Amino acid sequence: MCNISGYIGNRRAAPILIDMLKKQEGFCGGYYTGIITYHEGKLYTAKVVGNVDRLLAETDALNFPGTCGLIHSRSKSGGDVHHAHPFVSQDGNLAMVLNGGIVRYAPVYNGGGVAQELYELGFRFDTETEYTDAMKGHCLLANGNCVHNSEAICHYTDYGIKHKDLTTAAALEQAFIRMPQESVALALNANDGNKISFANYNMPMSVARTEDEVFLSSMSIAFPTDRDFFVSDYILPASSGSITLEETRVHRFKPALPIGNLTPQIVHDGYESIMKLLTEEAPCSIGKLNNGVRGLWGELIDQRYPLTYSVLQDLQNAGKLEIVKTEREGIQPGLTAPLYQLALK
């Protein structure tokens, strides 16, 4: 899986985004890193194979202008720098990051068909490559090559904006309906100003507000500790919408397969399962904790990540969570990726 953070406010976004991603990149990402900021009608993007430190060393990301932006850290799932997020439209006006994967939506997923439609309309993909086992789950084209499914979502969203006169959020929702998956996506459109658009099936995305700033993150652990947040919420499952300094607009859509709710009983059982793992098998990875709760919804699509992240945030707020930091081998020789594991203090 991946990690995402976002910011809209009155300060330069890039340093804030980088600080938020540093706090969470080792939980689910650290192998690829990318950033987008918006400033005066233009998007600024950079991405690398490697972690945040590599992004800072190889690009000018820290100095990007703008008070609105997104940042992304990706897991070890194959491909070169083109397979890192963000993905950008061919005219450079739309950029998008995504966390998640097809997973249990595989029986109804139609990424290959959508990508082929786009290909025949003249869209070209930076991620087009020969299909190998490492590219399993990507969109297969008629020529036998494959493309990253997130790039297909980006281009289909761009198509909806330009050819169907949809808002960015509505176009992103249509892309999610055509290509259903266990994911959340955030996008910036150079024509929208300081606005972040989103679509979500069942992945976590927390939103916290001060009087003049908005913070978004896959893990609220990443939020700065020196702000006085007056509201903290999360993006609902099966929803799309937009976020500005003034408001969050939400539109619910019908998912291709039903998503289970975070009922009080599931939250209780999930807490018990996570505490048992942290007590008996620590240090634990995020993956191990998520696997410990994923069966609580039966046949329904689960909300394992939002549940796990919520429990961890509560433990951190109570001063009971220890983050154990180590390193693991990166994508390329000589690179490492951070690994964060969890234990109780």
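Okay, so let's go over this structure. Please read these numbers as outputs of a predicted model, since none were measured by experiment. (Residues numbered from 1 in each chain as written. Predicted model: local features only at pLDDT ≥ 70, side-chain atom pairs only at ≥ 80, totals over all residues. Heavy atoms only, no water.)

**Describing the overall build of the protein chain**
To keep things clear, this is the line we draw: The helix count covers DSSP runs of H or I at least four residues long, the strand count covers runs of E at least two residues long, and both are numbered beginning at the N terminus. Two things to know: the radius of gyration comes from C-alpha atoms, and the globule rule equals 2.2 Å times the number of residues to the power 0.38. When a residue's accessible area, from a 1.4 Å probe over protein chains only, is under 20% of the maximum for its type it is buried; when over 50% it is exposed; and in between it is partly exposed. Contacts: residue pairs with any heavy atoms within 4.5 Å of one another. Each accessible area is a Shrake-Rupley result for a 1.4 Å probe, and residues are judged covered by the shown protein chains and nothing else. Asp and Glu are treated as the negative residues and Lys and Arg as the positive ones, with His and the ends of the chain left uncounted. Working definition for charges: the position is that of NZ of Lys, CZ of Arg, CG of Asp or CD of Glu.
The number of helices and strands found in the protein chain is nine helices and 18 strands. Relative to its length of 345 residues, the protein chain is compact, with a C-alpha radius of gyration of 19 Å against a globular reference of 20 Å. With the C-alpha coordinates of the protein chain rotated into their principal frame, the extents come out at 55 × 45 × 45 Å. Here the protein chain holds 345 residues, and the buried ones make up 55% of them. Restricting to contacts in the protein chain with at least 6 residues of sequence separation, those with at least 24 account for 66%. Accessible surface for the protein chain amounts to roughly 14200 Å². Of this, 48% is attributable to carbon and sulfur atoms. Within the protein chain, the 38 negative side-chain charges are centred at a point lying 2 Å from the centre of the 29 positive side-chain charges.

**Focus on the nonpolar core**
Note the cut-off: The nonpolar core is taken to be a set of buried Ala, Val, Leu, Ile, Met, Phe, Trp, Tyr and Cys residues, with the residues joined through side-chain atoms within 4.5 Å.
With 45 residues, the main nonpolar core has L186, L216, I286 and L312 as its most contacted residues. Looking at which element gives the most residues to this core, the answer is helix 9 (residues 304–317), with six residues. One finds F125, I153, F253 and I259 within the second-largest nonpolar core, a separate group that totals 33 residues.

**Overview of the sheet that holds strand 7 (residues 129–130)**
Filter applied, for reference: For two strands to be treated as a pair, DSSP must find at least two bridges joining them.
Across the sheet, which stays open at both edges, the three strands sit in the order 7-9-8 with antiparallel pairing between neighbours. Of all the strands in the sheet, the pair left with one neighbour each is strand 7 and strand 8 (139–140).

**A short note on the packing of helix 8 (residues 286–293) against helix 9**
The line we're drawing: The convention used is that axes are lines fitted to C-alpha atoms, helices contributing only their stretch in contact, and that angles between N-to-C directions extend from 0 to 180 degrees. A crossing counts as left-handed when the near helix is turned anticlockwise from the far one by less than a right angle, and as right-handed when that turn is clockwise. Note that Gly is not counted as nonpolar here; it falls among the polar residues with everything else outside the nonpolar set of Ala, Val, Leu, Ile, Met, Phe, Trp, Tyr, Cys and Pro and the charged set of Asp, Glu, Lys and Arg.
Remark: helix 8 packs on helix 9, axes separated minimally by 9 Å, with the N-to-C direction vectors making an angle of 115 degrees. Considering the relative orientation of helix 8 and helix 9, their crossing is right-handed. Taken together, the residues of helix 9 that come into contact with helix 8 (itself represented by I286, L289, N290 and V293) are R304, Y305, L307, T308, Y309 and L312. A breakdown of the residues in the contact of helix 8 with helix 9 according to their chemical character gives seven nonpolar, two polar and one charged.

**Focus: the packing of aromatic side chains**
Put simply, the rule is: For Phe, Tyr and Trp, where Trp contributes only its six-membered ring, two rings pair if their centres lie within 6.5 Å, and the inter-plane angle classes them as stacked under 30 degrees, edge-to-face over 60, or tilted in between. Charges are assigned to positions over rings by a cutoff of 6 Å between ring centre and Lys NZ or Arg CZ, combined with an angular limit of 35 degrees from the ring normal.
Scanning the entire structure with this criterion turns up twelve aromatic pairs. Judged by centre distance (6.0 Å) and plane angle (50 degrees), the ring pair of Y44 and F64 falls under tilted. Taken as a pair, Y44 in strand 3 (residues 42–49) and F64 in the loop between helix 3 (52–58) and strand 4 (68–74) lie far apart in primary sequence, 20 residues in all. On the basis of relative accessibility, which here comes to 23%, the residue Y44 falls in the partly exposed class. Here F64 falls in the buried class, since its relative accessible area comes to 10%. Connected via pairs of aromatic rings, a cluster forms that spans Y7, F215, F223 and F229. Geometry around Y32 places R74 over its ring, the cationic atom sitting 4.4 Å from the centre. One residue, K325, lies across the ring of Y340, its end atom 5.2 Å from the ring centre.

**Thoughts on the packing of helix 5 (residues 149–163) against helix 6 (residues 168–178)**
Helix packing for two helices is described by the angle between their axes and how far apart those axes are. Selection rule: We call two directions roughly parallel when the angle between them is under 35 degrees, roughly antiparallel when it is over 145, roughly perpendicular when it lies between 65 and 115, and oblique otherwise.
At a minimum axis separation of 8 Å, helix 5 and helix 6 run at an interaxial angle of 130 degrees. As judged from the angle between their axes, helix 5 and helix 6 are oblique. For the pair helix 5 and helix 6, the sense of crossing is right-handed. Together, I153, Y156, T157, G160 and I161 of helix 5 and T168, A171, L172, Q174, A175, F176 and R178 of helix 6 make up the contact between the two elements. Along the lines of polarity and charge, the residues of the contact of helix 5 with helix 6 split into seven nonpolar, four polar and one charged.

**Considerations on the sheet that holds strand 2 (residues 32–39)**
Neighbouring strands of a sheet are bound in pairs by backbone hydrogen bonds; such pairs are parallel or else antiparallel. Spatial strand order, 3-2-4-1-13-12-14: seven strands in an open sheet with antiparallel pairing. Of all the strands in the sheet, the pair left with one neighbour each is strand 3 and strand 14 (231–234). For this sheet, the mean angle separating the axes of adjacent strands, direction not counted, is 10 degrees.

**Description of the pairing of strand 4**
In terms of burial, strand 4 is largely enclosed, as seven of its seven residues are buried. On strand 4, burial covers both faces: C68, L70, H72 and R74 on one face and G69, I71 and S73 on the other are all buried. In this sheet, strand 4 lies alongside strand 1 (residues 3–8) in antiparallel orientation, the contact comprising six bridges. Among the inter-strand pairings, G6 is bridged to a residue of strand 4, identified as L70.

**Considerations on a nonpolar patch on the surface**
Let me state the cut-off plainly: In this analysis, a patch consists of residues with relative accessible area above 30% that form no salt bridge, clustered at 9 Å for like charges and at 5 Å for the nonpolar side chains Val, Leu, Ile, Met, Phe, Trp and Tyr. Each reported salt bridge corresponds to a side-chain nitrogen of Lys or Arg within 4 Å of a carboxyl oxygen of Asp or Glu.
There is a patch of nonpolar side chains on the surface, built from Y234, L236 and V250 and spanning about 250 Å² of accessible area. Summarising the element assignment, V250 is placed in strand 16 (residues 248–252).

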